[in-house]
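What the coordinates show
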Amino acid sequence: MHKSIILTYMFINRTHELAILNQHSRSISSGSRINIALFGLRRIGKTELLLQFKNTTHDNNILIPYINLQKIIPDTEGFVKAYSKELIYETIRQKEQADYPYEIEDLLILASKLGDMETHHARTLISILKQHEIATEELLELTFAFAQKLAEKHKKKIIFMLDEFQELLQVHPRFLQVMRSITEKQKDVNYWISGSVFSVFNEMLNYKNPFFGQFTRMTLENFDRESTYELIDSTLPFKIAQNHKDKIYKFTNGQPYYTVAVCRKISEQYALDSSINTPQVNFCIMNEIFADTGSINEHFEYILDVSLAKFKNKDRYKTILFLLSQDPATLAAIARHIKKPTGEISNYLKALLRTDLIFRKDSTYHIRNPLFAFWVNNKYLGLGTELTSGKAAEHLLANLEEKYQRVSTELGIAKEFEIKYKPEALYNIKLEKYLKDNIEFDLVGTDGNTAYIFEIKWRNKKTSYKDIDNLIQKINSSEFRTQKKQVIFISRSGYTKSALEFAGQHEVKLLNRHMEKVTIQDS
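Just so it is clear, the model here is predicted, and its values are computed rather than measured.

Reading guide: rules and limits
- Each chain carries its own residue numbering, running from 1 in the written order of its sequence.
- Only residues with pLDDT of 70 or above have their local features reported here, since the model is predicted, and side-chain atom pairs are shown and tallied only from 80 upward, although totals for entire chains, interfaces and linings are computed over all residues.
- Remark: hydrogens and water are excluded; side-chain values derive from all non-hydrogen atoms of the structure.
- Note on aromatic pairs: the rings of Phe, Tyr and Trp (six-membered ring only in Trp) are paired at centre separations within 6.5 Å, and the planes decide the class, stacked below 30 degrees, edge-to-face beyond 60, tilted for the rest.
- Helical segments are the DSSP runs of H or I of at least four residues, strand segments are the runs of E of at least two, and each set is numbered from the N terminus.
- Between buried and exposed lies partly exposed: a residue is buried under 20% and exposed over 50% of the maximum accessible area for its type, with that area taken using a 1.4 Å probe on protein chains only.
- Disulfide assignment relies on a single distance test, namely cysteine sulfur atoms paired within 2.5 Å.
- Two strands pair if DSSP finds at least two bridges between them.
- The contact criterion used throughout is that any non-hydrogen atoms of two residues lie within 4.5 Å.
- As a rule, the C-alpha atoms of each element are fitted with a line to give its axis, helices using only the stretch in contact, and angles between N-to-C directions run from 0 to 180 degrees.
- For every residue, the predictor reports its confidence as pLDDT, a number between 0 and 100.
- In the analysis that follows, any N or O atom pair within 3.5 Å is treated as a polar contact, provided that within protein one partner can donate a hydrogen and the other can accept it, and provided that, for residues neighboring in sequence, both atoms belong to side chains.
- Lining residues are those with an atom within 4 Å of a point, where the points come from a 1 Å grid over the protein atoms alone and group into cavities, where a 1.4 Å probe fits but cannot get out, or pockets, open sets with protein on both sides within 12 Å along at least five of seven lines.
- Grid points are joined across faces, edges and corners, and a volume is the space filled by probe spheres set on the points.

1. What about the packing of aromatic side chains?
- The full count for this structure, using the stated rule, is 26 aromatic pairs.
- Both rings, one in F160 and one in Y191, keep their centres 6.1 Å apart while their planes meet at 15 degrees; by these two values the pair is stacked. In this pair, F160 sits in strand β4 (residues 157-163) while Y191 sits in strand β5 (residues 189-195), placing the two residues 31 residues apart along the sequence. Accessibility classification places F160 together with Y191 in one group, the buried group.
- Seen in terms of ring centroids, F311 and Y317 are 4.4 Å apart; in terms of plane orientation they differ by 20 degrees. Their pairing is stacked.

2. Some remarks on the state of the cysteines
- Under the counting rule described, the total for this entry stands at 0 disulfides.
- Sulfur of C263: no disulfide; nearest cysteine sulfur belongs to C284 and is 9.7 Å away.
- Judged by relative accessible area, which is 1%, C263 ranks as buried.
- The class for C284 is buried, based on a relative accessible area of 0%.

3. Here we look at the sheet that holds strand β10 (residues 432-436)
- Ordered in space as β10-β11-β12-β13-β14-β15, the 6 strands form an open sheet in which the pairing is mixed. The open sheet has two edge strands, β10 and β15 (517-518), and neither has a second partner.
- Bridging between strand β13 (residues 484-491) and strand β14 (residues 508-511) involves 4 bridges; their strand directions are parallel. Bridge pairing links V487 to V508 in β14.
- Across the sheet, helix α21 (residues 465-476) lies against β11 (439-447), β12 (450-457), β13 and β14, angled at about 150 degrees from β13, the strand it touches most.

4. Some thoughts on the confidence of the model for the protein chain
- Of all residues in the protein chain, 89% attain a pLDDT of 70 or more, and the chain-wide mean is 85.
- Ignoring residues within four places in sequence, the model shows residues 1-10, a span with pLDDT below 50, making 27 contacts including any to other chains.

5. Concerning the environment of S194
- Along the polypeptide, S194 turns up in strand β5.
- Residue S194 is classed as buried on the basis of its relative accessible area, which comes to 0%.
- Counting along the chain gives 126 residues from S194 to N68, while the straight-line C-alpha distance between them is 9.5 Å.
- In this structure S194 touches L38, K46, L50, L162, D163, E164, F165, Q166 and F201, once residues within four positions along its chain are discounted.
- Of the polar contacts made by the side chain of S194, one reaches the backbone nitrogen of E164; its length is 3.0 Å.

6. A word on empty space enclosed by the protein
- According to the stated counting rule, one finds 2 cavities of 30 Å³ or more in the structure shown.
- Reported here for the second largest cavity is a volume of approximately 50 Å³.
- In terms of lining, the second largest cavity is formed by R33, N35, M179, R180, T183, E184, Y191, F211, Q214 and F215.
- The element best represented in the lining of the second largest cavity is helix α8 (residues 175-183), accounting for 3 residues.

Structure representation (structure tokens):
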């Protein structure tokens, strides 16, 4: 199975997210203005979702230009070229067949088919780019302003997709400020951006930066168990046993790219042996993670290379990652192991935090992806050749299973770390865990004289009225019992009917896994 097919299968079961995008596009077509920020870790399916929306939307009132910012030259010239090419090409494409203007001179030919305004823009752009010194802010202003002019002339709405948006931070130090100053006044141009470096993406949209409050946030997550089984069934050309599906789900945690990669290897093994047993499934899982030709192995090597590409002294960063792959650790512990001052190690950790390879929980540093941590730990010890021994695969699997409970706990911490930011953005408040007088709440924050109290149930079971009643009883025994408060319950798997009714009676707000409000009418 070719890797492009892996990417195609990864789109399965994103019907909820696609429905949300379709609803937003209908609102835009009716005159609303909606910017969306889509976050998801690498290989989770962001690009596939955006392109699926683009390729299945047939509304002649909307133009949908798309740029993958990792595939253009990361400077002002590269960005403005790509931006103008996509706008003009998409406008022409709604009228007639056209070749993509790879060369800037081809852009002028396409622009001339649209009229004087577009021709003038293309000529101005070409003229500026030929100058020895380019006034970059003015060039960016010209580029962003062109979108609104084109929308007005052709009576279109524009949804401009900028995939891997964090790459634009390399274009110009004031890029966000310039973009905001122009685009906030444009009634017909919407920006749907995506990002895979959570810390950088979140920082770009927080209250200190120009785009704060300008975007509706969406997050793509791993598949749940049921969706992973559906993905396995749709990927493999034959049926496998339920316990084998369970094993695949356990070690991929529903990550679609990992799941399809393992299924691809199982399919190859089946073609050789005409059957699949448990040792073969174990071998396929370990082979994909550690063999030099394994897709998961290649993906992890890519992540490591890209994340550390701009750093000097890469071996020092790899040493820190190896230490964290064994156990989460504090700054002092890492400095003690490496025998370097804490100030120096602190700088390395700050840089790693911005790559999203690691995250900090209280004073302890963790590798964000537990499977990546397992890979780092074994790769560092020299495991990198083709796995030909079934016994070697069994040994590795036993090692992973031995640590799996701890790994799952670390994954829970990482999930909790990510979930924390969603309600913070939704309610525009700072939230922290709460533990006082033996009473614990998942998240608590204050806004003026109002306390916001959150309970989070991230499990494969609907929340019952008893869960909500327990939260209320806990609040009534806490310091918040007499305070003005908002009580919010977040449930991954939804709510029972009695829970919906009970929450309504006690003014508890209910949110689903996508941070959308749930009411009794949804039952």
